[in-house]
Amino acid sequence: MPLGKKIRASSAGAQLETHNKPSISTDFGPVYGAAGLNQKQGTRYRQQADGVLHSTWSILDNTERSQQLPAWLERELLRQEPRRHSLALGDDVKLSMRKRYRADPAGSLYELKIETMVSIDDLKHIKLAYDEFAKAGIHMLDYSEFKSVVKNCPGLKGVKESHIHQLFMKIDYTSDGKIKWHEFCTYIYLEYEAKEETVRRSKMAAFILPANIKFLKRGKPVVRIHLLSNGTVVTLREDGVVNFWTPKLYSKSKKNVFPERSINRKQKWSTDFVPMSEYNKLIIGTGSREIQFYELSSLEPCCQLSALKTVPLNLDYCSTGPDECIIVYGDSQGCVNILLITSFRDKLRLWKRLPMVDNIPNISLDRAVQSPEITFIRWKIHQDWVSKVKYFQSLPAIVSSSGHEDSALVIGFIHPSTYMQEQMREMAEVSEKGKSTKVTQRATGNQTIFTVPKGVMTFDFCEKHNLLVTGGLDRLLRMWNPYVPNRPTGILKGHDAPVSYLCICSEDGHIYSVSTDKTAKIWHIKDETCLFTADPEASNIQGELSVCLYSSAVKGLYIATDSLALLFLQTKPQPKGNQILSHEEPVLCCGYSEEFRQVVSCSKGSVVKVWDVETGAQMFEFGGAHGESAITCMALDSSGRRLVTGGRDGCLKMWNFNNGQCVKIFKRDGKCAEICDCLYLTLHMNAFVISVGWDHRIDIYLDSKEEKLYNQRPKPSWQDDVRNGHKADILCIAQCTPHFLATGSYDGEIIVWNVVSERILSRFQTPQQTPQQSSSYPVQCTTVLSLIFLKTRAFVPELSSSAWLVSSDTEGYVHFWSVLNGGKFITSFQASQHQQAIMKLASTQDDSMLFTADHVGFIYVYDVKQYALGPEQNPPEKVNFWRAHISSITSLKIIDNDQFLLTSSLDFSVRLWSIHGEFIGTFGQNEIWSIDTPSSWKHPAVPSEILIDPLSMPSQPILDRETDLSDVLDSVETKNKKSELDVLIDESDHPSILKENESAQSNSRQCHAIFKRIRTSDRMGLKDYHTFEDSYLVVNLTTIKKTDLSKFQSNDADD
């Protein structure tokens, strides 16, 4: 029977027998990448893909497939197992195994770790088993004993042995081969604690301190702040001065809307204002019992409603329909006043023609309400003046507050109750009395009253969370269900003064509050916890508090006192377009644990993340590894079970990275300088952690199982290091078995050490490749950024005189050095086609291929198998190149027996590539991959941000050519003179931009000035050699010179 055909099953056996169909890779043949996959590798992919995908198919039913599986896996599974309409033997086993799999929040599928499945009963069972072993004198279990204990747990039956073995290795991070009961409990506890901390960290929010402060001239206090739809901030002072500001508080314009009065007449004062963006108007309430309308753009007076019954203390406005609006104000008598206006534009045009009072058209409220387009309602609600009033269209209702406890907050509906009798009674009363401005009592069924001790000063409502929050003199924030006034759903404590402002931000799930002592707080709605507190000492906000405003558009809190302050919210970096982020901060280093087949990445925010290299799924993370300091470097021990991190705080820490347990701290006494690089060295029977950095010394720490101290000090420095070592910051380090060590420094010096004798073996100075263009510029050395040994050459006597140390510098060159017999320089070549700094180097296991990564994210692959065996005149053959990131590459690792390439970058991403440059994926993406299934890779796609980045575009000769002034003069005589000039220079360009074009080449001459050490107190930023701008680098892109257009301007004027 042909392959792929079904064999009809016996109905008595009720089972289907089929021949397995080949995988998708078999149907389409081997997958070829940028440089092509060899046939042997493609065959391996196909063989492993069949097994991986077949096991995955057996654990998911049709419903789960449609909801969880990525498209590539669905296609593979459809080819792996044909359709069937009956249950086969063994399906019950498949169903039971489905519990071992779940979908993470990103939609990835992976097997549940054992530690996430352990229940309290399982812990009790394991504890009893340990107790039984302890009775026999066994207090530590080896793997076989531990495996039997786990398999006998009721909730862990059926767990794979490979998973038990992984758990055993994670707990036994010291590679002792045995684990104790307290070690097992500590591992489980710390892992859950780190996960909780990760959740808390994801919810964290903070203000940037100190505040951005704009000092105001002495005058009356600000009564209100509003943000217009165009981003303009509007403030109104009590004396009628309206200021327009940019979102960052740069003054745009101001005007006093109240005219000057004679000495005998009292000056007007404002109480509140609200913009009417739909009508381009501004409403201002005054202490003269007026509501005035102004043009929003020019602040010219439009008209005013006068002779109000009392002073309007608070204003609010809402557009309720086409040419319809509602104006609400609360007064000093505890009344809520409502103006329902239709045909509003026509009304304004009519009111503009009325007689003027104080240079503004005037109409009394009694006269205005006689119009059929205006409905006026005045309700007596509170027994104290109204502290705030606001109309919420989503309810729809008016919410008002006061300092009276029994009527602290009232939610009132404008329209009457639905009860027919009450409707008829109210209609009869209105028809009998006619229209009036007298006070009426709102029907009891049309309002909800909240009783709050000491009243309410401020409130806000969120429709998304159905949440009402109040604050007042008792310094508490109360959270209410708006339909349940009896008791609050939550109380937030933390303020030490009355709460005068609060705002609910539904997008962030936060509440922002400010008390009268100028303390601002951020609260989490769901957790009902305080996330951040900005006290006035930290924010530098001084003076008496007037008003506040939080803007979700600006992501900032405006606070008005004697000055105008802006507290910006610390925002997480937003991906550009479809950019996928692995971290929320720049990734400064990453590594690979072959023991667990996991990728470990560390960020500037001191966060460590662990990823599964098989699928790209995140397995674990923990933060605050070095407090607020960035993690600058990392290394894994020889077993791959422990992680060593170095930070800007000057200390090294050793971790069990699978649960976030800090095992040891390596640190000097006293003040420590930044650590730039580190490695883990095994020499004979001893193991060492070695670090280098800004203190110009090599620090060596002994890693011994006998050493029980948590805090360890380095061994005494080598005498040769103290006397003849580096005189500048040491930026990189490399090791070559059996006992060679190389260090490179900021001043371009490379020193090769003998670790056993603790002596210098050879010393080099990186050559200066770019000649100085002018004697006015000082000669500057080239910084060593990366070092690697070509280790296969070190063990071949015939190649002892060849180059087997490779270094990279800031000018884009790669240098080859011979180490023995005093050492010497062999050759060098330009490795970056854009003449960018080569940040990282890596080589294959046989040292045949050299991978280089530059500052703008390009990776270049060179064939160096026969290169630098002696002096060379030509560069090695470039085998491949591609762009992996849009920013500087910080790590470059070849993993898994030269099959894959791991990269990290300052663009917040960690990515995996095949050794031939095929894009597998970005760690943190929604879709999982199967590393052994090329059809699951992103290839032939590339990251979207790389596609649109200008530096990724192909070079255009016509744009690269410099434009001389003579070319422009010749082009003036053509018909397209004007358009060609527009190409050379845009009239809208700022002069500073044109000046930058002139100085582009001078900047390139000063490209090394960026590496000058800036010895400031702030060491929290990126490394100096990581933070230089692209404009300071030598880029082989010719800029168009600025032309002198004065001649053309004079000619045009003559014409």
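In this text the structure is predicted, and so the values were computed from the model without any measurement.

## With respect to the overall build of the protein
Per the secondary structure count, the protein includes 22 helices and 61 strands. Buried positions account for 50% of the 1055 residues belonging to the protein. Long-range contacts, defined here as pairs at least 24 residues apart, represent 54% of the contacts in the protein between residues at least 6 apart. Per element, the accessible surface of the protein, about 50,100 Å² overall, is 51% carbon and sulfur.

## Comments concerning the pairing of strand 36 (residues 608-612)
In terms of burial, strand 36 is largely enclosed, as five of its five residues are buried. Of the two faces of strand 36, the one lined by V608, V610 and D612 and the one lined by K609 and W611 are each fully buried. Bridge count between strand 35 (residues 598-603) and strand 36: five bridges; the pairing is antiparallel. Counterpart to V599 in the pairing with strand 36 is W611. Hairpin connection from strand 35 to strand 36: four residues lie between these consecutive antiparallel strands, with S606 at a positive phi of about 65°.

## Some points on the packing of helix 8 (residues 161-171) against helix 9 (residues 181-203)
The relative placement of two packed helices comes down to the angle between their axes together with the axis-to-axis distance. Packing of helix 8 against helix 9 brings their axes to within 10 Å, and their N-to-C directions diverge by 95°. Judged by the inter-axis angle, helix 8 sits roughly perpendicular to helix 9. The segment helix 8 lies against helix 9, with L167, K170 and I171 engaging E183, F184 and Y187. Tallied by class, residues from the contact of helix 8 with helix 9 come to four nonpolar, no polar and two charged.

## Some words on the pairing of strand 13 (residues 301-306)
Where burial is concerned, most of strand 13 is hidden: five out of the six residues are buried. The pairing of strand 12 (residues 290-295) with strand 13 spans four bridges and is classified as antiparallel. Bridge pairing in strand 13 links Y294 to P301. Strand direction decides the pairing type here: strand 13 and strand 17 (residues 362-364), joined by three bridges, are parallel. Of the residues in strand 17, the one forming a bridge with Q304 is N362.

## Brief notes about the side chain of T310
Position of T310 among the secondary structure elements: in the loop between strand 13 and strand 14 (312-321). In terms of polar contacts, T310 uses its side chain to reach the side chain of S332, at 2.8 Å. The residues touching T310, leaving out its near neighbours within four places in the chain, are R289, D331, S332, Q333 and R378.

## Describing the environment of S638
Of note, S638 is situated in the loop between strand 38 (631-636) and strand 39 (643-647). For the pair S638 and T682, spaced 44 residues apart in sequence, the C-alpha separation works out to 7.4 Å. In contact with S638, other than residues within four places in its own chain, are Y680 and T682.

## Considering the sheet that holds strand 43 (residues 686-693)
Read from one edge to the other, the open sheet built from three strands follows the order 42-43-44, with strand pairing classed as antiparallel. Edge positions in the open sheet fall to strand 42 (675-683) and strand 44 (698-702), since each of these has one partner strand only. Across the sheet, the mean angle from the axis of one strand to that of its neighbour is 20°, orientation sign disregarded. Note that strand 42 and strand 43 share eight bridges and pair antiparallel. Bridge pairing links I675 to G693 in strand 43.

## Quick look at the confidence of the model for the protein
Confidence in the prediction of the protein, expressed as mean pLDDT, is 79, and 75% of residues score 70 or more. Below a pLDDT of 50 lies the segment residues 417-421, which in the model reaches four contacts outside its immediate sequence neighbourhood of four places, other chains included. Note on residues 771-779: pLDDT is under 50 here. Beyond four places in sequence and across chains, it has eight contacts.

## Here's the deal with the pattern of salt bridges
Enumeration according to the criterion identifies 36 salt bridges in this entry. Among the ionic pairs, K555 bridges to D508, the shortest N-O distance being 3.3 Å. Of this pair, K555 sits in the loop between strand 31 (547-551) and strand 32 (556-560) while D508 sits in the loop between strand 27 (499-505) and strand 28 (510-515), and the two are 47 residues apart along the sequence. Look at the salt bridges and you will find they share partners, linking D637, R642, K664 and D703 into a network.

## Looking at the packing of aromatic side chains
Considering all chains together, one arrives at 33 aromatic pairs under this definition. Look at F829 and Y862: their rings are 4.9 Å apart centre to centre, the planes differ by 65°, and that puts the pair in the edge-to-face class. With F829 in strand 53 (residues 824-830) and Y862 in strand 56 (residues 858-863), this residue pair connects regions lying 33 residues apart in the sequence. Relative accessible area serves as the criterion here: at 3%, F829 is assigned to the buried category. Judged by relative accessible area, Y862 falls into the buried class, the value being 3%.

## Brief notes about the packing of helix 7 (residues 143-151) against helix 8
Between helix 7 and helix 8, whose axes approach to 10 Å, the crossing angle comes to 120°. Our classification of the angle between helix 7 and helix 8 gives oblique. Considering only the axes of helix 7 and helix 8, their crossing is right-handed. Between helix 7 and helix 8, the residues in contact are Y143, F146, K147, V150 and K151 and E161, I164, H165, L167 and F168, respectively. The class makeup of the residues in the contact of helix 7 with helix 8 is six nonpolar, one polar and three charged.

## Looking at helix 8
In an α-helix, one full turn covers 3.6 residues, which means residues spaced three or four apart are oriented alike. Those residues of helix 8 lying buried are I164, L167, F168, M169, K170 and I171. Buried residues along helix 8 sit against strand 3 (141-142), helix 7, strand 4 (178-179), helix 9, strand 35 and strand 40 (652-656).

## Let's talk about the side chain of H583
Looking at the secondary structure, you find H583 in the loop between strand 33 (563-568) and strand 34 (587-593). A relative accessible area of 2% places H583 in the buried class. Here S601 takes part through its side chain, which lies 2.7 Å from a polar atom of the side chain of H583. Residues in contact with H583, not counting those within four places in the same chain, are S601, C602, S603, V607, K609 and F908.

## Quick notes on the sheet that holds strand 58 (residues 889-895)
One open sheet accounts for four strands, arranged 58-59-60-61; its pairing is antiparallel. Among the strands making up the open sheet, the edge pair consists of strand 58 and strand 61 (919-922). Averaged over neighbouring strand pairs, the angle between their axes works out to 20° when direction is ignored. Where strand 59 (residues 900-905) and strand 60 (residues 910-914) come together, five bridges link them in antiparallel fashion. Bridging across to strand 60, T903 finds its partner in R911.

## Things to note about the environment of C589
Its place among the elements puts C589 in strand 34. For C589, a relative accessible area of 5% puts it in the buried group. Residues C589 and S904, 315 residues apart in the sequence, show an inter-C-alpha distance of 6.6 Å. Those residues in contact with C589, other than ones at most four positions away along the chain, are V600, S601, C602, I631, T632, C633, M634, T890, S891 and S904.

Conventions adopted
Residues numbered from 1 in each chain as written. Predicted model: local features only at pLDDT ≥ 70, side-chain atom pairs only at ≥ 80, totals over all residues. Heavy atoms only, no water. Helix = DSSP H or I, 4+ residues; strand = E, 2+ residues; numbered from the N terminus. Buried < 20%, exposed > 50% of the residue type's maximum accessible area, 1.4 Å probe, protein only. Contact = heavy atoms within 4.5 Å. Areas by Shrake-Rupley, 256 points an atom, 1.4 Å probe, with all protein chains shown as cover. Pairing = 2+ DSSP bridges. Axes fitted to C-alpha atoms, helices over the stretch in contact; angles between N-to-C directions. Parallel < 35°, antiparallel > 145°, perpendicular 65-115°, else oblique. Nonpolar A, V, L, I, M, F, W, Y, C, P; charged D, E, K, R; others polar. Polar contact = N/O pair within 3.5 Å; in protein donor to acceptor, adjacent residues only side chain to side chain. pLDDT = per-residue confidence, 0-100. Salt bridge = Lys/Arg side-chain N within 4 Å of Asp/Glu carboxyl O. Phe/Tyr/Trp six-rings, centres within 6.5 Å; stacked < 30°, edge-to-face > 60°. Left-handed = near helix turned anticlockwise from the far one by under 90°.

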